[in-house]
Amino acid sequence: WRALPHPLPLPTRSMGCLNSIVTMLYGELSPTELLQASFFSLLLCFIVGIYWMMRSLKDSIFATIVGLEYQPMAKMLSLVVVTLLLFCYNKIVDCVPRHHLFAVICGSYSAVFVLTAVLLMSTTFGLNGPDGQPLPASPDRLLGWIHYFAIESYGSLVVSLFWQYLNSQVNLKAAKAQYGLITAGGQVGAITGCTLVVGSKRFGVPQLYAFGGMLTLVSPLIVAVYLRYFPPVEQVADTEAGRSGGDSAAKRVQPGLFEGLRLLIRHPYVLGIFGVSALFEIIATILDYQMKVLGKAAYSSTADFAAFMGLFGQAANTVSLVFSVVGTSFVIRTVGLRPTLMAFPMMLVVVVSVIYSAPSMWTVFGGMVAIKGLSYALNNPSKEMLYMVTTDSIKFKAKSWIDVFGGRASKAIGSVVTNTFKKPVTNLMFYGSLVSIGIAFSLILITSVLGRAFERFSASGELVGMEDVSHDEEELKGLSIYSDDDDDDD
């Protein structure tokens with residue numbers, strides 16, 4: 001028996017075809033880069049998964065304990081709370097090595113979430129009384145406010161910390177290849193978290209809350225394992241003989257409680273990133289409240305409304321997951337960063353126009369799924385790449401102000417709009433959509449200018465914020481020389 005000649009064994013041909021598809025979607029990925037992307041993908045999976053599970057519970061719990069009509073006020077007050085936490089965070093960044101930040105931040109949130117879950121089970125402070133019926137909603141019930149602020153700040157601080165750390169670990173070429181895979185991991189976690197909430201009747205709301213609190217401790221463990229394969233940048237910089245002084249200076253995070261705010265105000269490029277982040281959040285806040293008002297009218301019970309929000313999370317993150325796997329890296333590498341940044345606000349104009357023309361619960365639901373899905377899969381990764389041409393001081397200090405304070409401030413502004421036009425619902429749908437369309441058009445202009453600036457910095461190799469580091473080093477040298485002269489005189 002003689003086998004028929006075959007030009008190429010089938011497994012080899014299949015592997016070659018698979019490699020071609022992977023290369024087309026993500027570019028050339030070395031085994032080391034793939035391992036690094038896998039670690040960050042898993043880390044984002046837990047961070048985002050926990051956030052989406054808690055986020056889906058957040059509104060239903062707040063509506064039961066405090067009342068949904070107080071949500072706009074809660075969003076406005078969260079700006080104050082998160083700003084205070086941001087000062088604490090910046091102080092922690094000055095005192096704690098960046099690779100230990102996850103242990104400190106996630107450990108603190110884990111304790112808060114578990115304690116809140118215990119109180120939610122209480123028949124005095126929690127969701128239900130001794131008779132099993134929901135306790136009366138009241139703005140005087142502090143547990144509802146603490147629960148809301150804890151989840152809001154977790155979504156701002158921990159997610160921002162992830163991207164700060166990631167942006168400091170990879171270069172632009174690796175980011176274009178890896179960010180799609182990393183984002184996909186986040187969406188797997190988000191879908192899982194939302195799926196758990198859909199089954200909140202079976203598991204129990206306080207029990208899911210406690211489970212999320214315990215899972216928060218997994219993130220520091222992933223970082224600890226990652227550091228075994230990829231040592232901290234500071235240690236590598238100390239041991240590498242050929243590392244240039246400029247690279248070392250760019251990696252140094254300047255201390256100071258207001259350093260991030262100073263960098264944000266000083267550099268127009270960083271202000272542009274702030275604008276892109278904040279303006280979108282205003283639109284998202286308005287549309288989110290429109291959907292929740294219509295959804296709460298259709299689903300009155302806590303569990304049913306939580307299941308509705310869980311369904312939304314499943315749909316939005318499924319869209320994001322599919323696009324992250326097959327589209328994110330491909331679009332950014334093929335089209336370029338500037339057109340990618342501009343494409344998202346153009347889509348916002350279309351979606352909000354449709355909602356304006358046909359305002360209904362499922363129209364808003366579909367629009368929010370499209371916006372949130374592509375925001376996570378395309379807008380966020382491309383926006384994060386804008387930090388590739390900045391120093392680590394901007395990546396850690398200024399970015400925390402952009403993500404945390406900017407995110408809260410924009411949600412507060414969006415809540416002012418929704419609070420102004422919340423009654424009747426027809427006013428909310430009409431005027432909220434008009435405001436959203438106007439902001440979306442301004443975003444198109446800002447992303448165009450910002451994209452051109454990124455291309456200019458990338459071509460020249462210039463880092464935004466490097467002049468601040470050079471100035472600080474010159475001052476230190478001057479002080480050192482002055483000190484040496486005093487010693488010689490003695």
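Just so you know, these numbers come straight off a predicted model, no measurement behind them.

Enquirer: Please clarify how the overall build of the chain should be interpreted in this entry.
Expert: On a plain count of helices and strands, the chain comes out with 19 helices and zero strands. Considering the chain as a whole, with its 490 residues, one finds that 54% of them fall into the buried category. Contacts in the chain between residues far apart in sequence, at least 24 positions, make up 87% of those at least 6 positions apart. Here the chain displays about 21000 Å² of accessible surface, and carbon together with sulfur accounts for 67% of that area.

Enquirer: Quick question: what am I supposed to make of the environment of Cys-194 here?
Expert: With respect to the secondary-structure elements, Cys-194 resides in helix 6 (residues 172-198). Judged by relative accessible area, which is 0%, Cys-194 ranks as buried. Sequence separation of Cys-194 and Gly-49 is 145 residues, and the distance between their C-alpha atoms is 7.8 Å.

Enquirer: Can you walk me through the side chain of Gln-290 in this structure?
Expert: Assignment of secondary structure puts Gln-290 in helix 13 (residues 268-298). For Gln-290, the residues in contact, after removing those within four places along its chain, are Ile-355, Val-364, Leu-428, Met-429, Gly-432 and Ser-433.

Enquirer: Can you walk me through the nonpolar core in this structure?
Expert: Generally speaking, nonpolar side chains in soluble globular proteins are found buried as a group. In terms of nonpolar packing, the biggest core is built from 124 residues, with Phe-162, Tyr-179, Tyr-209, Tyr-269 and Phe-312 touching the most fellow members. If one sorts the elements of this core by residue count, helix 2 (residues 31-65) sits on top with 16 residues. Setting aside chain neighbours within four positions, we find Tyr-179 in contact with Trp-163, Leu-166, Asn-167, Val-170, Pro-381, Glu-384, Met-385 and Met-388.

Enquirer: I tried to follow the pattern of salt bridges on my own but got confused; where do I start?
Expert: Side chains that differ in sign of charge can pair as their charged atoms come close. Evaluated as defined, the whole model comprises seven salt bridges. Across the salt bridge formed by Arg-262 and Glu-259, the nearest N and O atoms sit 2.8 Å from each other. Placement of the pair is Arg-262 and Glu-259 together in helix 12 (residues 259-266), with a separation of three residues, close to one helical turn. Within the structure, one salt-bridge network assembled from shared partners comprises Arg-55, Asp-288 and Lys-292.

Enquirer: What is the right way to read the packing of helix 4 (residues 101-120) against helix 8 (residues 205-215) from this model?
Expert: Two quantities define a packed helix pair, namely the angle between the helix axes and the distance between the axes. Packing of helix 4 against helix 8 leaves a shortest axis separation of 8 Å and a crossing angle of 165 degrees. It follows that helix 4 is roughly antiparallel to helix 8 by the angle criterion. As for how helix 4 packs across helix 8, the hand of that crossing is left-handed. In this structure, helix 4 contributes Ser-110, Phe-113, Val-114, Thr-116, Ala-117 and Leu-120 to the contact, and helix 8 contributes Pro-206, Tyr-209, Ala-210, Gly-213 and Met-214. Classifying every residue of the contact of helix 4 with helix 8 by side-chain character gives eight nonpolar, three polar and no charged.

Enquirer: Looking at this structure, how should I read helix 5 (residues 142-169)?
Expert: Every α-helical turn comprises 3.6 residues, leaving residues that sit three or four positions apart pointing alike. Taking 1.5 Å as the rise per residue, helix 5 with 28 residues should run 40 Å; its terminal C-alpha atoms sit 40 Å apart, in good agreement. Taking the largest bend as the criterion, helix 5 deviates by roughly 25 degrees, centred on Tyr-154. Along helix 5, 26 of the 28 residues are buried, which leaves the element largely enclosed by surrounding structure.

Enquirer: Can you help me understand the packing of aromatic side chains in this one?
Expert: Aromatic ring pairs: the centre-centre distance and the angle between the two ring planes describe each pair. One pass over the full model with this rule turns up 28 aromatic pairs. When the ring of Phe-40 is compared with that of Tyr-165, the centres are 6.1 Å apart and the planes differ by 55 degrees; the resulting orientation is tilted. Taken together, the residues span a long stretch of sequence, with Phe-40 in helix 2 and Tyr-165 in helix 5 at a distance of 125 residues. You'll find Phe-40 and Tyr-165 in the same group, each marked buried. Residues Phe-102 and Tyr-165 carry aromatic rings whose centres are separated by 5.8 Å and whose planes lie at 85 degrees to one another, so their mutual orientation is edge-to-face. Here Phe-102 is found in helix 4, whereas its partner Tyr-165 is found in helix 5, with 63 residues between them in sequence. Like Tyr-165, Phe-102 is buried. Three or more aromatic residues joined by ring pairs form one cluster here, namely Phe-39, Phe-40, Phe-102, Phe-162, Trp-163, Tyr-165, Tyr-179, Tyr-226, Tyr-229 and Phe-230. Stacked on the ring of Trp-52, the Lys or Arg Arg-55 has its end atom at 4.6 Å from the ring centre. Positioned above the aromatic ring of Phe-457 is the side chain of Arg-456, whose terminal nitrogen or guanidinium carbon lies 5.2 Å from the ring centre.

Enquirer: Would you explain the environment of Phe-230 in this entry?
Expert: Position of Phe-230 among the secondary structure elements: in the loop between helix 9 (218-229) and helix 10 (233-239). Spatially, the C-alpha atoms of Phe-230 and Gln-36 are 8.1 Å apart, while their sequence positions differ by 194 residues. Excluding anything up to four places from it in sequence, Phe-230 contacts Thr-32, Leu-35, Gln-36 and Phe-39.

Enquirer: What is the right way to look at the confidence of the model for the chain in this model?
Expert: Reading predicted coordinates in detail is not appropriate for stretches of low pLDDT. Residues at a pLDDT of 70 or more form 83% of the chain, whose mean pLDDT is 79. The weakest mean pLDDT in the chain belongs to helix 10 at 45; the strongest belongs to helix 9 at 92. Scored below 50 in pLDDT, residues 235-246 shows six contacts in the model against residues more than four places distant or in partner chains. Segment residues 475-483: pLDDT under 50, and zero contacts once partners within four positions in sequence are set aside and those in other chains are kept.

Enquirer: I keep staring at the environment of Asn-90 and nothing clicks. Help me out?
Expert: In this structure, Asn-90 sits in helix 3 (residues 71-95). On a C-alpha basis, the gap between Asn-90 and Ser-400 in space is 8.1 Å, while along the polypeptide they are 310 residues apart.

Enquirer: In this structure, what is going on with the packing of helix 3 against helix 5? I would like to understand it.
Expert: For the pair helix 3 and helix 5, interaxial distance at closest approach is 9 Å and the crossing angle is 50 degrees. By the angle between their axes, helix 3 is oblique relative to helix 5. As helix 3 packs across helix 5, the resulting crossing turns out to be right-handed. Each of Gln-71, Met-73, Ala-74, Lys-75, Leu-77, Ser-78, Val-81, Val-82, Leu-85 and Tyr-89 in helix 3 lies in contact with helix 5, whose residues at this interface are Trp-145, Tyr-148, Phe-149, Glu-152, Ser-153, Leu-157, Leu-161 and Gln-164. Residue composition of the contact of helix 3 with helix 5, by class: 12 nonpolar, four polar and two charged.

Thresholds, definitions, all that
- Residues numbered from 1 in each chain as written.
- Predicted model: local features only at pLDDT ≥ 70, side-chain atom pairs only at ≥ 80, totals over all residues.
- Heavy atoms only, no water.
- Helix = DSSP H or I, 4+ residues; strand = E, 2+ residues; numbered from the N terminus.
- Buried < 20%, exposed > 50% of the residue type's maximum accessible area, 1.4 Å probe, protein only.
- Contact = heavy atoms within 4.5 Å.
- Areas by Shrake-Rupley, 256 points an atom, 1.4 Å probe, with all protein chains shown as cover.
- Core = buried A, V, L, I, M, F, W, Y, C linked by side-chain atoms within 4.5 Å.
- Salt bridge = Lys/Arg side-chain N within 4 Å of Asp/Glu carboxyl O.
- Axes fitted to C-alpha atoms, helices over the stretch in contact; angles between N-to-C directions.
- Parallel < 35°, antiparallel > 145°, perpendicular 65-115°, else oblique.
- Left-handed = near helix turned anticlockwise from the far one by under 90°.
- Nonpolar A, V, L, I, M, F, W, Y, C, P; charged D, E, K, R; others polar.
- Expected span 1.5 Å × (residues − 1).
- Bend = angle between axes of the 7 residues up to and from the residue.
- Phe/Tyr/Trp six-rings, centres within 6.5 Å; stacked < 30°, edge-to-face > 60°.
- Lys NZ or Arg CZ within 6 Å of the ring centre and 35° of its normal.
- pLDDT = per-residue confidence, 0-100.

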